[in-house]
Amino acid sequence: VTQPCINHGTTRNRTSNNNNTKHNNKSASIIMSPNATAHETEQVNAITMSTKEDKSKNTYVSTHPVLAHKISILRSSTTPPSLFRALMREITYSLAYEATSTLLTKSIELSVQRRGVCVEVEGSKLQEKIAIVPILRGGLGMSDALLELLPNACVHHIGMYTNKDKEGNGTPVQYYNKLPRKCESDIAYVLDPAISSANTMMSVIGILKKWGVSKIHVVTVAASSAGLKRIQEAHPDVHVTLGTVVDAVVADDGSTVFPGIGDAGDRLFGTGCHADEDDEALLRVSKRKRTMSM
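Each value, and the rule that gives it
Residues numbered from 1 in each chain as written. Predicted model: local features only at pLDDT ≥ 70, side-chain atom pairs only at ≥ 80, totals over all residues. Heavy atoms only, no water. Helix = DSSP H or I, 4+ residues; strand = E, 2+ residues; numbered from the N terminus. Buried < 20%, exposed > 50% of the residue type's maximum accessible area, 1.4 Å probe, protein only. Contact = heavy atoms within 4.5 Å. Polar contact = N/O pair within 3.5 Å; in protein donor to acceptor, adjacent residues only side chain to side chain. Phe/Tyr/Trp six-rings, centres within 6.5 Å; stacked < 30°, edge-to-face > 60°. Salt bridge = Lys/Arg side-chain N within 4 Å of Asp/Glu carboxyl O. Axes fitted to C-alpha atoms, helices over the stretch in contact; angles between N-to-C directions. Parallel < 35°, antiparallel > 145°, perpendicular 65-115°, else oblique. Left-handed = near helix turned anticlockwise from the far one by under 90°.

1. Observations concerning the overall build of the protein chain
In step 1: Summing up its helical and strand segments, the protein chain has nine helices and 14 strands in all.
In step 2: Taken over 294 residues, the protein chain has a buried fraction of 34%.
In step 3: Restricting the contact set of the protein chain to residue pairs at least 6 apart, pairs at least 24 apart contribute 64%.

2. Concerning the side chain of Thr-79
In step 1: Looking at the secondary structure, you find Thr-79 in the loop between α3 (65-75) and α4 (81-99).
In step 2: Looking at Thr-79, its side chain comes within polar contact range of the main-chain oxygen of Ile-73, at 2.4 Å.
In step 3: Those residues in contact with Thr-79, other than ones at most four positions away along the chain, are Ile-73, Phe-84, Leu-87 and Arg-267.

3. Remarks on unusual backbone geometry
In step 1: Here the residue pair Leu-136 and Arg-137 is connected by a cis peptide bond, since its omega of 0° sits within 30 degrees of zero.
In step 2: Turning to its location among the elements, Arg-137 is positioned in the loop between β5 (130-136) and α5 (140-149).

4. Things to note about the packing of aromatic side chains
In step 1: With the rule as written, the count across this model stands at two aromatic pairs.
In step 2: Aromatic side chains Tyr-161 and Tyr-175 sit 6.1 Å apart centroid to centroid with 40° between the ring planes, which places their arrangement in the tilted category. Here Tyr-161, found in strand β7 (residues 158-164), pairs with Tyr-175, found in strand β8 (residues 170-177); they are 14 residues apart in sequence, far enough to count as distant.
In step 3: Residue Tyr-161 is classed as partly exposed on the basis of its relative accessible area of 40%.

5. Observations regarding the pattern of salt bridges
In step 1: Per the counting criterion, the structure on display carries seven salt bridges.
In step 2: With a shortest N-O distance of 3.8 Å, Arg-89 and Asp-144 are connected by a salt bridge. Residue Arg-89 is located in helix α4, and its partner Asp-144 is located in helix α5; the two are separated by 55 residues in the primary sequence.
In step 3: A residue is classified by how much of its surface remains accessible, and Arg-89, at 37% relative accessible area, is partly exposed.
In step 4: Judged by relative accessible area, which is 38%, Asp-144 ranks as partly exposed.
In step 5: A salt bridge links Lys-209 to Asp-237, with the shortest nitrogen-to-oxygen separation between them at 3.0 Å. Placement of the pair is Lys-209 in helix α6 (residues 199-211) and Asp-237 in the loop between α7 (225-234) and β12 (239-246), with a sequence separation of 28 residues.

6. A look at the environment of Tyr-60
In step 1: Tracing the chain through its elements places Tyr-60 in strand β2 (residues 59-61).
In step 2: Through-space distance from the C-alpha of Tyr-60 to that of Gly-243 is 8.5 Å; in sequence the pair is 183 residues apart.

7. With respect to the packing of α4 against α5
In step 1: At a minimum axis separation of 8 Å, α4 and α5 run at an interaxial angle of 45°. As judged from the angle between their axes, α4 and α5 are oblique. When you trace α4 past α5, the crossing you get is right-handed. Of α5, the residues touching α4 (which contributes Met-88, Arg-89, Thr-92, Tyr-93, Ala-96 and Tyr-97) are Gly-141, Met-142, Asp-144, Ala-145, Leu-146, Glu-148 and Leu-149.

So this is what it looks like as structure tokens:
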């Protein structure tokens, strides 16, 4: 399987449009110059190749060791719902910092007090209207972390479930949509803990594009290589920030399994098959003989 195009690293390339323009102007001036040296020609080629790579690398995978440690605990089947929720919040908060690194800002004037005197300085303010779009149910465990980082953002929920046929093929079905009729957001951050086949995410991206939002950024904890590749090929303009890429494995029965993080909704809210041992003891009928007691 062809691997998706991935940008690894702990920090993004935060080069502004002005710097890109300077590079392009420099390249044009060198190319037009008849006296360009071999070193200058190599610089032009490097700048051109770098520009092409930046356009294609819209997927960012974190390589932070602490994040990798926390994701491993999150994925473990022995992690209880309380710890799972806490880890999901921490991981999402870290990924959100990277995902929001390309947001546009505008200059504002600030008054800063220094030794009893107010000094006028220049600051920055986010200028884009932001929408947070968690996919139910798993995305609910990620939305609070985004709201801590972006408290003025709007939250629009989209509910999806998978309808499987006799062959086991899943078709995403929308059962809930809280998007307003008129899109007034500049960018939408789509939240889903895991991406396997990407069928659900592809449907949600299509819904958001039809809604009219100009920028879409997916934030997820784990994704398969195949699912990531589908998103990149079908929607090259969509950015993806994730914690790790997980390859599919072959199970004992010969089927292909995506060992992501399990059913995020069940693990977040404790509705799966993993109940607390004390709760199981209360539900289990005692086989001991009952005795009369005073």
